[in-house]
Amino acid sequence: MTSVASAVMEEILDDLLAHELSCAPHVAARLASELATDGPTIRAVAARLDAAQRQGLRALPSPLPMVPSIEALFAHLELAPADREVLVAVSLRLDDRLAPLLDFAGESAAELHRGAAGRHLDMHAGRVRLVEPRLAIWLRATTPQSVAVAVHARLHRVFRERGEEVDADWHRARASMHGEPVAAGELTRIARELSEAGRSERAFHLAAEAAAHASGTTRDEANLVAGVAAIAAGHAVEAASRLAKLFPDGDEHQRLQGLGGLLVAQAHLRGAVPQFDAEAFRPRSDDAGLWYSWARAAAFAAVLCAERGDRAGMRLWLDELREGCARSGAERSLRDPVVALAWLVGGDRGAEDVHGAGPLTGGMLRALHAAIEGDVDRGLRLLAVGDSGIDVEVDPFVAGFESSPLVGAYRAVVEVLLLMWRGDIGAARETMLRASLELPIAVPFAGLGVVIARRLDLAVLGRLGPFARALTSALPSPVRIDQLVDRGIEAFLAGASAEAAACMRVWRDRGAPQTTMSVPGLEEAIVVADIASWSTQRIEPPEITLAQELRVRITSCSDEDWRVERPRVVDAARTLTSPFSRGRVEAMIGTRSLIRGDLETGREHLATAVSLLDVSGAAAWSRAIAARLASEDRLSTSVGDPLSSCRRVWESIVTARELEVAMLVVSGASNRDIADSLHVSVRTVEVHLGRVFAKLEVRTRVELTVLAHRIGQYV
């Protein structure tokens with residue numbers, strides 16, 4: 001597939017979203033490649049697809065639907081029968097090698113190039129493709145079925161004479177108007193090989209074709225290969241449909257081999273791991289192969305439960321994993337690394353540092369361990385080595401799918417997460433954009449990639465861009481991500497502090513839901529009384545934990561304590577190596593200093609924050625803090641009603657009644673007016689006000705009012 005630039009894809013995704021035809025980015029990229037990035041045509045084709053196809057949950061049809069713009073593009077194209085057959089052959093073949101096409105045409109490359117069909121072909125370095133990719137759709141739609149069957153039959157003979165049985169069997173099956181059971185076994189075999197090579201979608205189509213020509217156990221095997229290839233490509237609906245055909249009456253070996261893929265598909269579609277009686281599915285014999293397949297299915301179920309915060313379900317499935325591995329002798333190769341992965345994904349920072357082999361239980365697990373131990377750079381290096389393509393190890397957990405798009409998506413999400421932890425926000429977003437154009441990013445870790453994409457867009461753009469919105473739409477309806485923090489961040493960066501605080505208060509009241517693997521939040525907009533309630537079961541490097549603790553200390557300590565606490569926070573902030581984490585802490589120190597009237601110190605910290613956030617690539621954060629710094633010179637400008645900002649800042653410092661008195665003073669009420677309003681004595685008002693003065697370190701009503709206006713300006 002020809003790569004399409006991110007900027008072009010952003011426009012395409014935006015257009016599709018505007019017409020309520022949102023596509024997962026990797027699906028839209030496929031459409032863009034096959035439709036020559038023609039926006040109106042992409043939109044028209046997308047309208048002919050169902051929601052599951054646009055989300056990437058089902059494979060795209062082959063060929064893509066014919067639409068009027070494609071029909072109009074080739075309305076005047078006239079082809080001689082022989083030339084049409086050559087071009088149809090190009091559109092029907094499994095690969096783009098030139099030599100078989102020359103055998104089909106009975107011409108040399110030079111002769112083919114000089115002919116009428118030649119102007120529609122791009123022949124280079126032994127490869128051939130259509131110059132205009134949309135021509136394939138037109139050809140397939142306008143060529144009579146009898147001609148297409150004849151072309152398949154000729155291609156079958158060409159490949160049989162070349163000794164290429166796989167291609168020969170494929171074209172024989174496609175040429176047949178009846179079942180070709182002889183071809184089914186060979187198609188299934190090559191589908192397995194393609195799947196192991198990472199060509200999951202092609203493997204799915206081959207295995208699906210095999211299933212259409214097979215019966216009995218041969219059909220079960222074809223459906224198994226089609227189903228696992230489908231989930232490896234992220235096609236959860238297709239996978240669930242194919243693998244469900246194995247239950248309850250399919251061959252036991254194939255049922256158990258497909259159970260893991262079925263669980264992955266159903267968990268993504270339903271939002272939770274399906275509950276069923278494990279006893280009914282366990283092997284009934286001592287066959288080690290059956291128990292190994294059961295152990296792998298249990299491993300998938302355990303990790304899926306861990307991703308979704310279901311620790312009880314995770315423990316149950318880990319018990320099944322242990323039994324399966326004990327009966328198949330896979331304790332060290334499968335049990336130990338999967339147990340370590342499940343506990344880590346489930347939020348256990350103290351998970352045993354055990355590693356397996358291959359991309360997930362090997363490289364990815366090692367990278368996560370390195371990062372949470374404080375060495376994020378080493379984690380990124382470990383991922384880079386695994387992505388080099390040199391000597392890919394077998395991973396018992398995902399054996400046969402090490403190069404699949406789904407495994408690639410897991411590794412890409414972890415890479416982006418580590419870049420965020422290191423503070424490289426701009427690089428993390430670019431990596432996420434590239435990955436989302438090729439991989440089913442919405443599937444891994446129960447939608448963690450979507451949460452990350454949204455936070456990165458907010459950090460860089462200050463709003464949700466087309467990629468993040470398209471990824472969000474790619475989630476199946478049962479899968480939901482909490483968007484309150486996103487709304488709070490967007491409001492905060494736009495200068496709407498009161499709205500940000502309101503979002504965060506509701507989020508806190510709902511139990512502060514958050515992903516197990518730490519992504520940036522918005523501690524700036526809310527007072528946190530108990531940091532422990534925010535930090536349970538969160539996986540992150542020590543530096544991310546420290547930065548969060550510093551932000552909480554800044555928002556929660558009283559003004560009286562701040563004089564002592566500030567130097568300690570400043571010193572601790574200087575130890576942060578992440579420019580994004582330190583930039584946010586510096587901004588909060590600067591804001592609090594401005595509120596207290598220490599203008600020079602406040603400006604210094606805000607300027608430092610702007611520089612650090614610029615370095616991190618968090619452009620929206622940098623702009624927001626720069627705007628706050630620029631507004632320092634306009635301190636005397638009316639800031640409107642300070643009550644909402646004051647109440648948020650002061651509610652953790654003074655009592656409810658003291659806060660009520662302070663707010664009335666700020667609004668200009670006299671002590672007598674306040675007493676009458678609250679139905680208390682003037683003396684009681686004076687006592688409350690004296691305590692407010694002491695806690696907020698002011699001496700007069702005027703100083704209290706000035707302080708309130710500073711809060712309205714900077715918070």
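Residues numbered from 1 in each chain as written. Predicted model: local features only at pLDDT ≥ 70, side-chain atom pairs only at ≥ 80, totals over all residues. Heavy atoms only, no water.

Asker: What's the story with the overall build of the protein in this structure? I'm lost.
Answerer: Of the regular secondary structure elements, the protein holds 38 helices and two strands. Along the first, second and third principal axes, the C-alpha set of the protein runs to 105 × 65 × 45 Å. Of the contacts made within the protein by residues no fewer than 6 positions apart, 67% connect residues no fewer than 24 positions apart. A total of about 29,100 Å² of accessible surface is found on the protein, and carbon and sulfur atoms cover 49% of it. Across the protein, the centroid of the 81 positively charged side chains sits 3 Å from that of the 95 negatively charged ones. (Helix = DSSP H or I, 4+ residues; strand = E, 2+ residues; numbered from the N terminus. Contact = heavy atoms within 4.5 Å. Areas by Shrake-Rupley, 256 points an atom, 1.4 Å probe, with all protein chains shown as cover. Lys, Arg positive; Asp, Glu negative; His and termini not counted. Charge placed at Lys NZ, Arg CZ, Asp CG, Glu CD.)

Asker: Where do I start with the packing of aromatic side chains in this structure?
Answerer: Geometrically, a pair of aromatic rings is defined through the distance of the ring centres and the angle of the planes. With the rule as written, the count across this model stands at nine aromatic pairs. Here the aromatic rings of Phe 492 and Trp 621 are separated by 5.7 Å at their centres, their planes lie at 45°, and the arrangement is tilted. In this pair, Phe 492 is assigned in helix α26 (residues 484–493) and Trp 621 in helix α33 (residues 619–630), connecting sequence segments 129 residues apart. Trp 621 carries the same exposure label as Phe 492, and that label is buried. An angle of 85° between the planes, with centres 5.9 Å apart, marks the rings of Phe 580 and Trp 621 as edge-to-face. Of this pair, Phe 580 sits in helix α31 (residues 579–595) while Trp 621 sits in helix α33, and the two are 41 residues apart along the sequence. Residue Trp 621 is classed as buried on the basis of its relative accessible area of 3%. (Phe/Tyr/Trp six-rings, centres within 6.5 Å; stacked < 30°, edge-to-face > 60°. Buried < 20%, exposed > 50% of the residue type's maximum accessible area, 1.4 Å probe, protein only.)

Asker: Looking at this structure, how should I read empty space enclosed by the protein?
Answerer: Which parts of space are left empty comes out when a probe the size of a water molecule is rolled across the atoms. One pass over the full model with this rule turns up six cavities of 30 Å³ or more. Taken as a whole, the second largest cavity spans an internal volume of roughly 130 Å³. Lining the second largest cavity we find 15 residues, and of these Val 519, Pro 520, Ile 544, Arg 551 and Arg 584 sit closest to its centre. Sorting the residues of the lining of the second largest cavity by element identifies α22 (405–422), α29 (542–556) and α31 as the ones contributing at least two each. Ranked by residue count, the leading element in the lining of the second largest cavity is α29, at four residues. Here the residues of the lining of the second largest cavity sort into seven nonpolar, four polar and four charged. (1 Å grid on protein atoms, 1.4 Å probe; cavity = no way out; pocket = protein on both sides within 12 Å on 5 of 7 lines; lining within 4 Å. Points joined across faces, edges and corners; volume = space filled by probe spheres on them. Nonpolar A, V, L, I, M, F, W, Y, C, P; charged D, E, K, R; others polar.)

Asker: Would you mind showing me how to read the packing of helix α32 (residues 599–616) against α33 here?
Answerer: To characterise two packed helices, one gives the angle between the axes of the helices and the distance between these axes. Contact pair α32 / α33: the axes reach a minimum separation of 8 Å and the direction vectors enclose 160°. In terms of orientation, α32 lies roughly antiparallel with respect to α33. Of the two elements, α32 crosses α33, and the hand of that crossing is left-handed. Across the interface between the two elements, Arg 603, Leu 606, Ala 607, Ala 609, Val 610, Leu 613 and Asp 614 of α32 pack against Trp 621, Ser 622, Ile 625, Ala 626, Arg 628 and Leu 629 of α33. Taken together, the residues of the contact of α32 with α33 sort by class into nine nonpolar, one polar and three charged. (Axes fitted to C-alpha atoms, helices over the stretch in contact; angles between N-to-C directions. Parallel < 35°, antiparallel > 145°, perpendicular 65-115°, else oblique. Left-handed = near helix turned anticlockwise from the far one by under 90°.)

Asker: Is there a simple way to think about the pattern of salt bridges in this case?
Answerer: Pairs can form between side chains of opposite charge once their charged atoms are near each other. For the coordinates displayed, the defined rule picks out 46 salt bridges. Notably, a salt bridge pairs Asp 95 with Arg 97, separated by 2.9 Å at the nearest N-O pair. Exposure remark for Asp 95: the relative accessible area of 25% places this residue in the partly exposed category. Between Asp 169 and Arg 172 there is a salt bridge, with the nearest N and O atoms lying 3.4 Å from each other. Within this pair, Asp 169 and its partner Arg 172 are both found in helix α11 (residues 165–175), separated by three residues, close to a single helical turn. Each of the salt bridges in this network shares a partner with another, and the network as a whole consists of Glu 279, Arg 282, Arg 284, Asp 286, Glu 320, Glu 323 and Arg 327. (Salt bridge = Lys/Arg side-chain N within 4 Å of Asp/Glu carboxyl O.)

Asker: Any chance you could explain the layout of surface pockets here in plain terms?
Answerer: Space inside the second largest pocket adds up to approximately 790 Å³. Val 451, Pro 513, Gln 514, Thr 515 and Thr 516 are the residues nearest the centre of the second largest pocket, which is lined by 37 residues in total. Of all the secondary-structure elements, those providing two or more residues to the lining of the second largest pocket are α24 (448–461), α27 (497–509) and α28 (532–535). Broken down by element, the lining of the second largest pocket gets its largest block of residues, three residues, from α24. For the lining of the second largest pocket, the per-class residue count stands at 18 nonpolar, twelve polar and seven charged.

Asker: How should the packing of helix α7 (residues 98–105) against helix α10 (residues 145–161) be read in this particular structure?
Answerer: It is the contact of α7 with α10, at a shortest axis distance of 10 Å, that shows an interaxial angle of 115°. As the angle between them shows, α7 and α10 are arranged roughly perpendicular. The crossing of α7 and α10 is right-handed. Contact residues: α7 offers Pro 100, Asp 103 and Phe 104, while α10 offers Val 151, Arg 154, Leu 155, Val 158 and Phe 159.

Asker: When you look at the state of the cysteines in this model, what are you seeing that I'm missing?
Answerer: What makes a disulfide is a covalent bond joining the sulfur atoms belonging to two cysteines. Overall, the coordinates contain zero disulfides when judged by the stated rule. Here Cys 305 stays free of any disulfide, with the sulfur of Cys 325 as its closest cysteine sulfur at 16 Å. Look at Cys 325 and you get buried, because its relative accessible area is 0%. (Disulfide = S-S within 2.5 Å.)

Asker: Help me understand the nonpolar core in this model?
Answerer: Within soluble globular proteins, side chains that are nonpolar tend to cluster in buried spots. Formed by 209 residues in total, the largest nonpolar core has its most connected members in Met 9, Leu 31, Leu 321, Phe 397, Leu 418, Ile 452 and Trp 621. When residues in this core are grouped by element, the largest group, 14 residues, is from helix α17 (residues 288–307). Leave out the neighbours within four places in its chain, and Trp 621 touches Ala 459, Ile 489, Phe 492, Leu 493, Leu 522, Glu 524, Phe 580, Arg 584 and Leu 613. (Core = buried A, V, L, I, M, F, W, Y, C linked by side-chain atoms within 4.5 Å.)

Asker: Could you clarify how one ought to interpret the side chain of Ser 404 in this entry?
Answerer: When you line up the elements, Ser 404 lands in the loop between α21 (376–386) and α22. Note on Ser 404: relative accessible area 4%, which makes it buried. Only 2.8 Å separates the side chain of Ser 404 from the backbone oxygen of Phe 401, close enough to count as a polar contact. Sequence-distant contacts of Ser 404, that is, excluding residues within four places in its chain, are made with Gly 198, Ser 200 and Ala 232. (Polar contact = N/O pair within 3.5 Å; in protein donor to acceptor, adjacent residues only side chain to side chain.)

Asker: How do you make sense of helix α25 (residues 466–473) when you look at a structure like this?
Answerer: In terms of residue burial, α25 counts as a mostly covered element, since six of its eight residues are buried. Of all the residues in α25, the buried ones are Pro 466, Phe 467, Ala 468, Ala 470, Leu 471 and Thr 472. Among the structural elements, α1 (6–18), α2 (25–34), α23 (425–436) and α24 are those in contact with the buried residues of α25.

Asker: Is there a simple way to think about the confidence of the model for the protein in this case?
Answerer: Detailed reading of the predicted coordinates is not advisable wherever pLDDT falls low. A residue-level look at the protein finds 94% of positions with pLDDT of 70 or above and a mean pLDDT of 89. Below pLDDT 50 for its whole length, residues 635–640 participates in eight contacts with residues either more than four positions away or in separate chains. (pLDDT = per-residue confidence, 0-100.)

Asker: So what exactly am I meant to see when it comes to unusual backbone geometry here?
Answerer: Leaving glycine aside, a negative phi is the common case for residues, and trans is the common case for peptide bonds. Residue Pro 63 is reached from Ser 62 by a cis peptide bond, and omega for that bond is 5°. Within the secondary structure, Pro 63 sits in the loop between α4 (51–55) and α5 (68–73). Here the amide bond leading from Phe 247 into Pro 248 is cis, since omega sits at 5°, within 30 degrees of zero. In this structure, Pro 248 sits in the loop between α15 (236–244) and α16 (252–270). With a phi angle near 50°, Ala 125 is a residue other than glycine that sits in the positive phi range.

Asker: How do you make sense of the environment of Arg 480 when you look at a structure like this?
Answerer: Turning to its location among the elements, Arg 480 is positioned in the loop between α25 and α26. Look at Arg 480 and you get exposed, because its relative accessible area is 63%. C-alpha separation for the pair Arg 480 and Gly 271, spaced 209 residues apart in sequence, amounts to 7.9 Å.

Asker: Explanation requested: the pairing of strand β2 (residues 127–130) in the structure shown.
Answerer: The side chains of a regular strand alternate between both faces of the sheet. Side chains Val 128 and Leu 130 of β2 all project onto a buried face; the interleaved residues Arg 127 and Arg 129 project onto a face where none is buried. Two elements, strand β1 (residues 121–124) and β2, share four bridges in a ladder whose sense is antiparallel. Bridge pairing links His 124 to Arg 127 in β2. Hairpin connection of β1 to β2: two residues between the antiparallel strands, including Ala 125 at a positive phi of 50°. (Pairing = 2+ DSSP bridges.)

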